[in-house]
Amino acid sequence: MRKKIHAYIFTFPSIFLTLTLGVYPIFWALRYMFFDYQGFGEPRFIGLENFARVGRDTQFWQSVWNTFIYTGGKLILTLPMSLILAVILNRAIRGRQLLRSVYFLPTIFSASVMSIVFYIIFNSYNGVVNQFLIKMGFGSLDWLGAKYAMLTVILIAVWGAVGNYMLLFLAGLQNIPDDVYEAASLDGVNPAQRLWYITMPMLGPVMQMIIMLAITTSLKGYESIMVLTEGGPFGKTEVMFLYLYKLFFPLVSDSGSVQNIGYGSAVGFTSAVIVGVITLIYFKISKKLSNTY
Amino acid sequence: MNVSRLISRTVLWAFLLLTAALMLFPIIIAVFGSFKTNLEVTTGATLLPSSWQFQNYAHAWTQANFAQFTWNSVFTSVFVTIGTLLITAMAAYAVDRVDFRGKRFYIVLQSMTLFISIGAVVLKPQFDLMVALGLQTSLWGVIIILISAHATAFFMMIGFFKGIPRDLDEAALIDGCNFYSIFWRIILPLLKPALGVTALFTFRGAWNEYILPLVFSMSRPDLQTLPVGLANLRYGFGAASENQYLLAGACISILPMLIVYILANRSFMQVNVGAVKG
């Protein structure tokens, strides 16, 4: 009995902080999304008006679309690449530990700090990459211009993510027992067949979790984009959660925009629902796929 | 060794080494660039600086205020790490060893905070709460909010508890220990590896955090941490487009992580895998 009181005392700091700074803000937003409130004056109840506005907000839906492109591009490049690296580094090759460390290195640094470095590397006038391209005789590319900014942002995201997913795949691969492979090699299975018919199916459940993690993280990411392009040029790299951020904290460089708390809460709720629905759809589809095995 | 095998080996190693080069490229650019002059960063043809400009660091440290940013980053990260370790170790101990009412609720609550995200919306009420408490004028507001997001650390911690046998608790109980002294004298010392890995994870998160300290330092420039101060330099404090200082600043921020990584890279990698399993 006494022990239970101690348990409450020990969990109290955690519960208290989670409720006040984790749960309360969500209810705060659930309330303000029905109000017209710009951060000053008296909030005015306007019912579903904010949501009607979300429906009409072409800028928001453009940012949702951009988020899909960003997420799709990032995953298409990151997942196969990290899986390939994991499969190779799961074998006993020379320098395996060193290579793993090198591939994982980008993930330990701050995304915003590295974005500053990438800003210098991809700068269109005198960036490191363009200097190199010019010297090779290819001519320069406007990496952060309207046409290529999204590609650049995706490439940077891939750079920061591959090592992380490689490690997760490796953890999954190490759980596949060796005798499965031994049996296969006795049957004369070649490496490609081994990857497709043994490794992939046995990695199924782990893969399902990793892809889900990758999808949700990508949908929510905006830090690096905020530092690198601020969503520009012309909103080409504006993703959902960056658009949301700007509604609450207008950027220094963007003097035209104003804080809009009521509307921002409605956009936040809508964005959370979009992420939730996509996660759910993915979960249903991937479950069906893994059931067919 | 036949020919096709030789070719496949070559392709494999070319792929591995090219990938490694791409991964290291931005870091190498940052490190060597930080010792160049601005002119050499923007037009130089060589990777290595023609003459090493060590004063870039002195300039960044004093003129561009990186001494202040570094101190703020160290202060924030250290206290976030200590606070998170204490709170999650205590909570994990109670949840793993005691059957109390609301235990399931607690676990559901923690996992929900991992899955539900409404992005930057929460920053506003969090900031307002800190203003109400008068904590927005110091880094304590940032520290408390970062500690409050401890669900991942909690799940990492509780994963390690499975490895500490309950017999130890019972033996200690018979020897006259109570709930608290078992925690301090038996559990915490045995929990060292868990504390190390969780500390690494938490410290990295706090050290690299950008958005939260950005919001808090909007009206208080003296609260800028390294990522915030560096990103704000883009707008220029008379240092506009002085790339060598930006790179020196980036290196100041990268260096501590790099050193820890070189010393403890296995634990670092354990962090990420553990975080997902939890």
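Residues numbered from 1 in each chain as written. Chains lettered and ligands numbered in written order. Predicted model: local features only at pLDDT ≥ 70, side-chain atom pairs only at ≥ 80, totals over all residues. Heavy atoms only, no water.

Glancing now at the overall build of chain B. If you tally the helices and strands in chain B, you get 15 helices and zero strands. Computed over the C-alpha atoms, the radius of gyration of chain B is 24 Å, more than 25% above the 19 Å expected from 2.2 N^0.38 for a compact globule of 278 residues. The principal-axis extents of the C-alpha atoms in chain B amount to approximately 70 × 70 × 35 Å. Of all 278 residues assigned to chain B, the portion counted as buried reaches 52%. Taking as baseline every contact in chain B between residues at least 6 positions apart, the subset at least 24 positions apart corresponds to 72%. (Helix = DSSP H or I, 4+ residues; strand = E, 2+ residues; numbered from the N terminus. Rg over C-alpha atoms; globule rule 2.2 N^0.38 Å. Buried < 20%, exposed > 50% of the residue type's maximum accessible area, 1.4 Å probe, protein only. Contact = heavy atoms within 4.5 Å.)

Let us now look at the environment of Ala 161 of chain A. All names here are of chain A. By secondary structure assignment, the location of Ala 161 is in helix H7 (residues 149–174). Along the primary structure Ala 161 and Leu 85 are separated by 76 residues, whereas in three dimensions their C-alpha atoms are 13 Å apart. Contacts of Ala 161, omitting those with residues within four sequence positions, involve Lys 74 and Thr 78.

The interface is formed by 80 residues belonging to chain A together with 85 residues belonging to chain B. At the boundary of chain A with chain B, total buried surface from both sides reaches about 7,500 Å², with 78% on carbon and sulfur atoms. A per-residue breakdown of the area chain A buries against chain B is headed by Phe 10, Leu 21 and Ile 108 of chain A, which together make up 10% of the total. Applying the counting criterion to the chain A and chain B interface returns zero salt bridges. Where chain A meets chain B, there are 13 residue pairs in polar contact (both at pLDDT 80 or more). Per element, the largest residue contribution to the side of chain A that touches chain B is 22 residues, and it comes from helix H1 (residues 2–32) of chain A. Its residues assigned to classes, the side of chain A that touches chain B comprises 53 nonpolar, 18 polar and nine charged. (Buried area = accessible area lost by both parts, 1.4 Å probe. Salt bridge = Lys/Arg side-chain N within 4 Å of Asp/Glu carboxyl O. Polar contact = N/O pair within 3.5 Å; in protein donor to acceptor, adjacent residues only side chain to side chain. Nonpolar A, V, L, I, M, F, W, Y, C, P; charged D, E, K, R; others polar.)

Residue and element names in this part refer to chain B. Viewed as axis vectors pointing N to C, helix H5 (residues 103–115) and helix H8 (residues 151–161) meet at an angle of 130°, and their least axial separation amounts to 9 Å. Put simply, H5 runs oblique to H8. For the pair formed by H5 and H8, the contact residues are Tyr 106, Ile 107, Gln 110, Ser 111, Thr 113 and Leu 114 on the first element and Ala 151, Thr 152, Phe 154 and Phe 155 on the second. For the contact of H5 with H8, the class distribution of residues is six nonpolar, four polar and no charged. (Axes fitted to C-alpha atoms, helices over the stretch in contact; angles between N-to-C directions. Parallel < 35°, antiparallel > 145°, perpendicular 65-115°, else oblique.)

On to the pattern of salt bridges, then. All chains considered together, the criterion is met by 10 salt bridges over all chains. When the shortest N-O distance is used, the salt bridge between Glu 49 of chain A and Arg 56 of chain A registers 3.7 Å. Residues participating in the shared-partner salt-bridge network are Asp 96, Arg 97, Lys 162, Arg 166 and Asp 169 of chain B.

Quick look at the packing of aromatic side chains now. Where two aromatic rings form a pair, the distance of their centres and the angle of their planes describe that pair. Scanning all chains against the criterion turns up 39 aromatic pairs over all chains. Aromatic pair Phe 10 of chain A and Tyr 180 of chain B: ring centres 5.5 Å apart, planes at 55°, arrangement tilted. Of this pair, Phe 10 of chain A sits in helix H1 while Tyr 180 of chain B is found in helix H10 (residues 179–190), placing the two residues in two different chains. On the basis of relative accessible area, Phe 10 of chain A is assigned to the buried category, the value being 4%. Here Tyr 180 of chain B falls in the partly exposed class, since its relative accessible area comes to 28%. Taking 6.0 Å as the distance between ring centres and 40° as the angle between the ring planes, the aromatic pair formed by Phe 60 of chain A and Tyr 243 of chain A counts as tilted. Within this pair, whereas Phe 60 of chain A is found in helix H3 (residues 58–90), its partner Tyr 243 of chain A is found in helix H11 (residues 240–248), the two being separated by 183 residues in sequence. Three or more aromatic residues link up through ring pairs in this structure, and these residues are Phe 10 of chain A together with Tyr 93, Phe 161, Phe 179, Tyr 180, Phe 183 and Trp 184 of chain B. (Phe/Tyr/Trp six-rings, centres within 6.5 Å; stacked < 30°, edge-to-face > 60°.)

Tyr 103, Phe 109, Phe 169, Tyr 222, Met 226 and Tyr 245 of chain A together with Phe 66 of chain B are the most contacted members of the largest nonpolar core, which totals 147 residues. Of all the elements, H7 of chain A adds the most residues to this core, at 16 residues. Apart from residues lying up to four places away in sequence, Tyr 103 of chain A is in contact with Leu 85, Leu 89, Gly 163 and Met 166 of chain A together with Leu 16, Thr 19, Ala 20 and Met 23 of chain B. Membership of the second largest hydrophobic core comes to 30 residues, among which are Ala 94, Phe 100, Tyr 106 and Met 157 of chain B. (Core = buried A, V, L, I, M, F, W, Y, C linked by side-chain atoms within 4.5 Å.)

The next point concerns helix H6 (residues 128–135) of chain A. Turning to H6 of chain A, its buried residues are Val 128, Val 129, Asn 130, Gln 131 and Leu 133 of chain A. Buried-residue contacts for H6 of chain A involve helix H5 (111–122) of chain A together with helix H1 (3–33) and helix H2 (38–43) of chain B. Of the residues one or two after H6 of chain A, Gly 137 of chain A is the one with positive phi, at around 90°.

Moving on to a positive patch on the surface. A grouping of Arg 91 and Arg 94 of chain A together with Arg 5 and Arg 9 of chain B is seen on the molecular surface, where their side chains present a positively charged patch. Position of Arg 91 of chain A relative to the elements: it lies in the loop between H3 and helix H4 (96–104). (Patch = residues over 30% accessible without salt bridge, like charges linked within 9 Å, V, L, I, M, F, W, Y side chains within 5 Å. Areas by Shrake-Rupley, 256 points an atom, 1.4 Å probe, with all protein chains shown as cover. Lys, Arg positive; Asp, Glu negative; His and termini not counted. Charge placed at Lys NZ, Arg CZ, Asp CG, Glu CD.)

With that settled, the discussion passes to the environment of Pro 26 of chain B. Counting through the fold element by element, Pro 26 of chain B comes out in helix H1. A residue is classified by how much of its surface remains accessible, and Pro 26 of chain B, at 2% relative accessible area, is buried. Setting aside its immediate chain neighbours within four residues, Pro 26 of chain B contacts Met 114, Val 117, Phe 118, Ile 121 and Trp 159 of chain A.

Quick look at the confidence of the model for chain A now. Per-residue confidence for chain A gives a mean pLDDT of 89, with 97% of residues at or over 70. Looking across chain A, the model is least confident in helix H8 (residues 178–186) of chain A, with a mean pLDDT of 80, and most confident in H3 of chain A, with 95. (pLDDT = per-residue confidence, 0-100.)

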